[in-house]
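Tertiary structure, described
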Amino acid sequence: MNQPDFIVVGAGSAGCVLTRRLAEEFNATVVVVEAPSTPAPIGDRQRPAHWIKLLKSGEDWDFPTEPTPSLAKRRLRWPRGRGIGGSSRINAMIWFPPTSRDLNRLADASGNHWSSDRILTALKSVESLLQPEEPRWLSEPSRTFLRAAQSLQNAKPMVYQRLNRRGQRTSLQSLLRPNREKARSWEDRIQVVRGMADRLIWTNEKVNGVELLTENGRAELVSRYGVILASGAIGTPTLLMRSGIGCRNALKEHGIGLRIEHLSVGKNLRDHLIMPVIYQRTSDADRFSPFGDLRHLVQWQTLGSGPLSSNLAECGGLFLNDAIQIHVTPTHYLTFPKEDSSAWMTIGANVTQPQSCGHLQLRSADPSEPPVITTNYLDQQQDLERSIQGVEYVRELANSGVFRDVISAEIVPGAKRITREAIARSVERYSQTLYHPIGTCAAGNHPEDAVDHRFRLRNSSGLWIVDGSVFPGITVGNPNATIMSLAWMAAEEITESR
Ligand SMILES: Cc1cc2nc3c(=O)[nH]c(=O)nc-3n(C[C@H](O)[C@H](O)[C@H](O)COP(=O)(O)OP(=O)(O)OC[C@H]3O[C@@H](n4cnc5c(N)ncnc54)[C@H](O)[C@@H]3O)c2cc1C
């Protein structure tokens, strides 16, 4: 391909959906730049229960966060996928469509340009491509939870749909690969280049290319209409900053000259924080063991079911009027899979709309250095209060009769930790990222918002942003379905505004 119409940086959830639609429906030629990665064993990539083994593998950026004061000064690791599929390559595969609150927020941020109808139509199109499916097997803790949650008020218990095909992780590679009848045209229109995009290239005040690091050294790619950043909530703002887009003083510290001042780039960083309530199990029935059992391997290979088809977080839902989301796992949330014991189960609760907000900064101008990630989790008192409420809610549920024969003791926070103060200390000590960083180049109507309703970076030409960084705030549930729906819609907006 000589000079493509567009360069898309990042072949993750958004990048793959966007590229597919640009090429298939709008006949655009696209070069997709994706960072190099070392593939994990194929079994770990295909078997849903093994996603946890992909963390810290050669497919994970494994970003360190700064110590967070309100998490007992802990430094968390933030997994982000690398390789075709991005975070969809290593994630827990839950397919959680946008809620009405998410839809309203997107409509508000775009002056109703991203209307609920448009996003739901986009969602349907993505679903018809990827066909998320119902789980083919549920562990005993999940089945018990669903029975217990049936009679609750203000509750929406859910068995999560998944991005799986016949019990196997769906690969987004299929979005970029031509199907048989269209093989020629597709091959001509999409090209994947492996390399680490370092910074943008401008010609006459218009962005038209990227400079990247490949295994053969530095290279430049140039396009006809411009560059679309789909590098995710961490990758996109840091690439912008290396290119001179951000806060003048912060860039100056790294010897980077200012191109466009955008104070909101890298700000508004949100994530869901999950507090695991962990129980010892009594029941011997249906012990969960997704590693090394030949019977389970045969069951998964022949039927796509059994423990290996579990995504670990099989069910949960929204509770307390959508204030809390729950994820149920048949494991010890804090030690699995290091200790592959089936004697535990976890009911984790997270605040769906945390008010605490973090930010990102460059550590250096070198693209191989991870950024400085300040999470500010639980910075706002109300997030801590809500997290405590989540633990109390889970306890009430677990103490209901349905769980009587299934669990014997609460291990974390531990039955002795009754007071709100004691629960608060446990929340600080044990809460974990739910892997949903988002919002670092948020779209909005105001001149200071980074991105407009056409997905253009404001005050720039030839530059669009399409990934989790544009979501204003944080989705109520797991964000992947919403991000992919936005990416589908973005193909249309970009074609019209190129
Ligand atoms: C472990 C884990 C579990 C999760 N579980 C779920 C779940 O069950 N359900 C759900 O809805 N969400 C889940 N998520 C979140 C969801 O997967 C992400 O929010 C979503 O995939 C983000 O999509 P994106 O397109 O914004 O970014 P990504 O999918 O992360 O894509 C960004 C891409 O850009 C590439 N890139 C970055 N920088 C550069 C550069 N400089 N040069 C070249 N390429 C670059 C990356 O390698 C990556 O491929 C999970 C995430 C993780 C990590």
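Refer to the preceding data block for the structure.
Bear in mind the structure is a predicted one, so any value in this text is a computation, not a measurement.

Our focus in this paragraph is the overall build of the protein chain. Counting secondary structure elements, the protein chain contains 14 helices and 25 strands. Its C-alpha atoms give the protein chain a radius of gyration of 22 Å, near enough to 23 Å, the size a compact globule of 498 residues would have. Each principal axis of the C-alpha distribution contributes one length, and for the protein chain these read about 70 × 50 × 45 Å. Burial status across the protein chain gives 53% buried among its 498 residues. Counting contacts in the protein chain only where the partners sit at least 6 residues apart, residues at least 24 apart contribute 71% of the total.

With respect to spatial proximity, 40 residues lie near the ligand, and among them Gly10, Gly12, Gly86, Gly235 and Asn480 are the closest. If you list the elements that add at least two residues to the shell around the ligand, you get helix H1 (13-24), strand E2 (30-34), strand E11 (196-203), helix H9 (232-242) and helix H14 (480-497). The residue inventory of the shell around the ligand, partitioned by class, reads 20 nonpolar, 16 polar and four charged.

Taken together, the buried positions of helix H6 (residues 140-149) are occupied by Pro141, Ser142, Thr144, Phe145, Ala148 and Ala149. The arc that holds every buried residue of H6, seen down its axis, measures 165°, which confines them to one face. Those residues of H6 that are buried lie in contact with strand E6 (156-159), strand E18 (315-319), strand E19 (324-329), strand E20 (344-351) and helix H12 (381-398).

This part takes up unusual backbone geometry. For the bond running from Phe336 to Pro337, omega is 5°, close enough to zero to count as cis. The topology assignment puts Pro337 in the loop between E19 and E20. A cis amide bond, omega -5°, links Val412 with the succeeding residue Pro413. With respect to the secondary-structure elements, Pro413 resides in the loop between strand E23 (407-412) and helix H13 (420-430). Positioned with a positive phi, Asn204 is a non-glycine residue whose angle comes to about 50°. Mapped onto the fold, Asn204 is located in the loop between E11 and strand E12 (206-214).

Turning our eyes to something else, we now look at the nonpolar core. Formed by 135 residues in total, the largest nonpolar core has its most connected members in Val9, Leu18, Ile228, Val466, Val470 and Ala487. At ten residues, the largest contribution of residues to this core is made by H14. Every residue in contact with Val466, bar those within four places of it in the chain, is listed here: Ala14, Leu18, Ile228, Ala230, Phe455, Leu486, Ala487 and Ala490.

Quick look at the environment of Gln301 now. The topology assignment puts Gln301 in helix H11 (residues 294-303). Sequence separation between Gln301 and Arg166 is 135 residues, and the spatial gap between their C-alpha atoms is 9.7 Å.

Moving on to H1. Between its terminal C-alpha atoms H1 stretches 17 Å, which fits the 16 Å expected from twelve residues at 1.5 Å a residue. H1 sits mainly inside the fold: eleven of its twelve residues count as buried. Of the residues making up H1, those classed as buried are Ser13, Ala14, Gly15, Cys16, Val17, Leu18, Thr19, Arg20, Arg21, Leu22 and Ala23.

The next subject is the sheet that holds strand E25 (residues 463-465). Strand order across the open sheet formed by five strands is E10-E2-E1-E14-E25, with parallel pairing between neighbours. Among the strands making up the open sheet, the edge pair consists of strand E10 (190-194) and E25. Mean inter-strand twist for the sheet, computed between neighbouring axes without regard to direction, equals 20°. Inspection of the sheet shows strand E1 (residues 6-9) paired to E2 by four bridges, in the parallel sense. Directly across from Val9, in E2, lies its bridge partner Val33.

With respect to the element layout, His113 can be found in the loop between helix H4 (100-109) and helix H5 (116-130). The class for His113 is partly exposed, based on 16 C-beta atoms found within 10 Å. Spatially, the C-alpha atoms of His113 and Arg454 are 8.9 Å apart, while their sequence positions differ by 341 residues.

Along E2, five of the five residues are buried, which leaves the element largely enclosed by surrounding structure. With burial as the criterion, each face of E2 is covered, one bearing Val30, Val32 and Glu34 and the other bearing Val31 and Val33. Where E2 lies against E10, five bridges are found, and the strand directions are parallel. The residue bridging Glu34 from the neighbouring strand is Arg194, located in E10.

Right, let's talk about the sheet that holds strand E13 (residues 217-222) for a bit. Here we have three strands laid out as an open sheet, ordered E11-E12-E13, and antiparallel in their pairing. Every other strand in the sheet has two partners, leaving E11 and E13 as the edge strands with one partner each. For this sheet the average axis-to-axis angle between neighbouring strands, irrespective of direction, equals 25°. Strand direction decides the pairing type here: E11 and E12, joined by seven bridges, are antiparallel. For Trp202, the partnering residue across the bridge sits in E12 and is Val207.

So, about the environment of Leu308. Among the secondary structure elements, Leu308 is positioned in the loop between H11 and E18. Not counting residues within four places of it along the chain, the set of residues in contact with Leu308 comprises Arg47, Ala49, Pro290, His296, Leu297 and Trp300.

What follows covers the packing of H1 against H14. Describing two packed helices takes the angle between their axes plus the distance from one axis to the other. Contact geometry for H1 and H14: axes closest at 8 Å, N-to-C directions at 30°. Taken together, H1 and H14 sit at an angle that is classed as roughly parallel. In this structure, H1 crosses over H14, and the sense of that crossing is right-handed. On the side of H1, the interface is formed by Ser13, Ala14, Val17, Leu18, Arg21 and Leu22, while H14 contributes Asn480, Ile483, Met484, Ala487, Trp488, Ala490 and Ala491. Split by residue class, the contact of H1 with H14 holds ten nonpolar, two polar and one charged.

Parameters at a glance
Residues numbered from 1 in each chain as written. Predicted model: local features only at pLDDT ≥ 70, side-chain atom pairs only at ≥ 80, totals over all residues. Helix = DSSP H or I, 4+ residues; strand = E, 2+ residues; numbered from the N terminus. Rg over C-alpha atoms; globule rule 2.2 N^0.38 Å. Buried ≥ 20, exposed ≤ 12 C-beta atoms within 10 Å, placed from the backbone. Contact = placed C-beta atoms within 7 Å. Near = placed C-beta within 6 Å. Nonpolar A, V, L, I, M, F, W, Y, C, P; charged D, E, K, R; others polar. Arc of directions from axis to C-beta. Core = buried A, V, L, I, M, F, W, Y, C linked by C-beta atoms within 7 Å. Expected span 1.5 Å × (residues − 1). Pairing = 2+ DSSP bridges. Axes fitted to C-alpha atoms, helices over the stretch in contact; angles between N-to-C directions. Parallel < 35°, antiparallel > 145°, perpendicular 65-115°, else oblique. Left-handed = near helix turned anticlockwise from the far one by under 90°.

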